[in-house]
Amino acid sequence: MFIDPWGAVLVEDYRKIIECFGLKPFTDEHLKLLPEPNRLMRRRVVFCHRDLEVILDAIRNGRPFYALTGIVPSAEKIHFGNKMVVENMAYFQRYADRVYMLVADIEAATVRGISLEESRRRALEFHIPAYIALGLDPRKVTFYFQSENKSVMRLAHLLSAKVTLSELRAIYGELTPGKMVAALMDAGDILYPQLEEPTPGIIPVGIDQDPHIRLARDLAKRFRREYGFIPPSSIYHRYTPSLDGRLKMSKSEPGSYIEIPEPPESVREKIWDAFTGGRPTAREQRELGGRPEVCVVFELFKQHLIEDDRELDRIYDACKSGEIICGDCKTLATELMTKFMEEFQEKLERARDVIPSLSFTTG
Ligand code: SF4
């Protein structure tokens with residue numbers, strides 16, 4: 001079984017992934033130890049991790065650690081998976097002493113064929129402001145472009161000395177030379193903050209990015225003697241299911257998910273066409289209740305739209321008892337999503353004003 005970080009199809013069986021790849025489930029114990037866990041953690045949208053205990057220990061004892069995220073500007077917009085990464089980054093940036101955000105322009109070029117200039121334009125005009133609008137604090141973050149960071153490039157080259165083609169294939173499956181370059185650059189990014197000082201690090205990602213974490217952790221162990229690297233920790237969130245109810249959605253299938261940003265008419269149309277756990281008729285639903293466990297609209301409430309846990313429970317109970325029907329939820333989801341998009345757009349404009357004052361490290 002492989003997870004393809006560049007593929008179009010997302011994996012579906014979370015339990016199998018945990019077993020296959022030696023991940024650890026995110027448990028009640030982690031929740032108790034995390035100070036003021038965020039919505040994604042409280043609701044187990046964050047579902048597994050690698051070495052999260054190391055970061056919990058650092059937070060508890062006020063010891064240094066870093067948090068890192070990257071963007072591949074392969075599209076003009078972002079999606080709700082990116083939003084979850086930023087929310088988790090925003091959580092850890094409260095406690096981390098160093099925070100990094102990189103633009104994977106080399107990866108965009110070698111895997112997606114996007115020029116460095118185009119990646120730069122997209123990153124500066126949209127992706128970086130979008131991440132700031134969603135909660136990344138530009139005062140705390142070190143920004144860089146892969147193509148400009150000499151230390152990352154040098155490190156990626158050195159890392160290549162201790163990895164074999166069969167290992168790369170074992171992690172990624174068949175891969176092109178461009179993907180090999182991208183994989184080594186990603187490992188270089190993940191370990192780069194430790195060149196300054198070996199410290200624990202946390203990388204919040206969607207599960208499809210785990211191959212990069214595995215490679216970086218393996219290489220950290222192999223280079224421990226030279227650099228003192230500590231294998232980085234990671235947490236993983238579930239996907240936001242596609243609007244037709246399939247978990248195994250195509251990342252590149254337009255219309256199967258709501259993008260950020262998206263205009264109100266399109267938001268409304270998509271939510272009203274979304275798969276729900278409703279019954280064939282309103283009468284049946286009032287009698288039997290709905291099935292929020294399989295409902296995409298409820299999942300949107302849970303993952304993104306409703307912050308208050310009691311309010312979410314109230315909707316769940318009202319659905320199960322037949323007190324509300326799907327039209328009620330779709331009306332509410334449309335209102336909340338439209339409000340989110342409006343607020344995002346305002347924050348995005350404000351964040352764009354910050355871009356000229358940012359400095360990008362060259363390593
Ligand atoms: Fe989903 Fe709401 Fe319909 Fe229940 S009533 S199935 S939560 S849309």
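Residues numbered from 1 in each chain as written. Predicted model: local features only at pLDDT ≥ 70, side-chain atom pairs only at ≥ 80, totals over all residues. Heavy atoms only, no water.

## Remarks on the layout of surface pockets
Then step 1. In this structure, the second largest pocket spans a volume of roughly 340 Å³.
Then step 2. Along the walls of the second largest pocket sit 15 residues, with K83, H304, L305, F340 and E343 positioned nearest its centre.
Then step 3. For the lining of the second largest pocket, the secondary structure elements donating two or more residues are α5 (80-93), α16 (296-305) and α18 (326-354).
Then step 4. Examining the composition of the lining of the second largest pocket, we find that six residues originate from one element, α18, more than from any other.
Then step 5. The class makeup of the residues in the lining of the second largest pocket is seven nonpolar, one polar and seven charged.
Then step 6. Counting residues domain by domain, the lining of the second largest pocket receives three or more from each of domain 1 (14-239) and domain 2 (254-348). (1 Å grid on protein atoms, 1.4 Å probe; cavity = no way out; pocket = protein on both sides within 12 Å on 5 of 7 lines; lining within 4 Å. Points joined across faces, edges and corners; volume = space filled by probe spheres on them. Helix = DSSP H or I, 4+ residues; strand = E, 2+ residues; numbered from the N terminus. Nonpolar A, V, L, I, M, F, W, Y, C, P; charged D, E, K, R; others polar. Domains from an automatic or database assignment.)

## Some points on the site of the ligand
Then step 1. Around the ligand, a shell composed of T276, G277, G278, Q285, C295, F298, C319, I325, C326 and C329 is seen.
Then step 2. A majority-of-atoms criterion places the ligand in the largest cavity. (Near = heavy atom within 4 Å. Sits in = over half its atoms within 2 Å of the grid points.)

## Quick word on the nonpolar core
Then step 1. Within the largest apolar cluster, 70 residues are counted, with the highest numbers of intra-cluster contacts made by F92, I128, F301, M337 and F344.
Then step 2. Tallying contributions element by element places α18 first for this core, with eight residues.
Then step 3. Both domain 1 (14-239) and domain 2 (254-348) contribute no fewer than three residues apiece to this core.
Then step 4. Ignoring any residue separated from it by four or fewer positions in sequence, one finds F92 in contact with L34, M41, L52, I55, I59, F65, A67, I202, P204 and I235.
Then step 5. Core analysis: the second largest hydrophobic core is formed by 45 residues, Y66, Y144, Y172 and A216 among them. (Core = buried A, V, L, I, M, F, W, Y, C linked by side-chain atoms within 4.5 Å. Buried < 20%, exposed > 50% of the residue type's maximum accessible area, 1.4 Å probe, protein only. Contact = heavy atoms within 4.5 Å.)

## Concerning the domain arrangement of the chain
Then step 1. Domain annotation of the chain identifies domain 1 (14-239) and domain 2 (254-348).
Then step 2. For domain 1 and domain 2, the distance between their C-alpha centroids amounts to 30 Å.
Then step 3. Listed by partner, the interface residues are 18 residues for domain 1 and 20 residues for domain 2.
Then step 4. Both sides of the domain 1 and domain 2 interface together cover about 1,800 Å² of buried area, and 59% of this is carbon and sulfur.
Then step 5. Per-residue buried area on domain 1 facing domain 2 is highest for R43, K77 and F80; these three make up 38% of the total on that side.
Then step 6. For the pair domain 1 and domain 2, the number of links is five salt bridges.
Then step 7. At the boundary of domain 1 and domain 2, one finds 12 residue pairs in polar contact (both at pLDDT 80 or more).
Then step 8. Looking at the side of domain 1 that touches domain 2, the elements with two or more residues in it are α3 (39-42), β4 (78-79), α5 and α7 (116-133). (Buried area = accessible area lost by both parts, 1.4 Å probe. Salt bridge = Lys/Arg side-chain N within 4 Å of Asp/Glu carboxyl O. Polar contact = N/O pair within 3.5 Å; in protein donor to acceptor, adjacent residues only side chain to side chain.)

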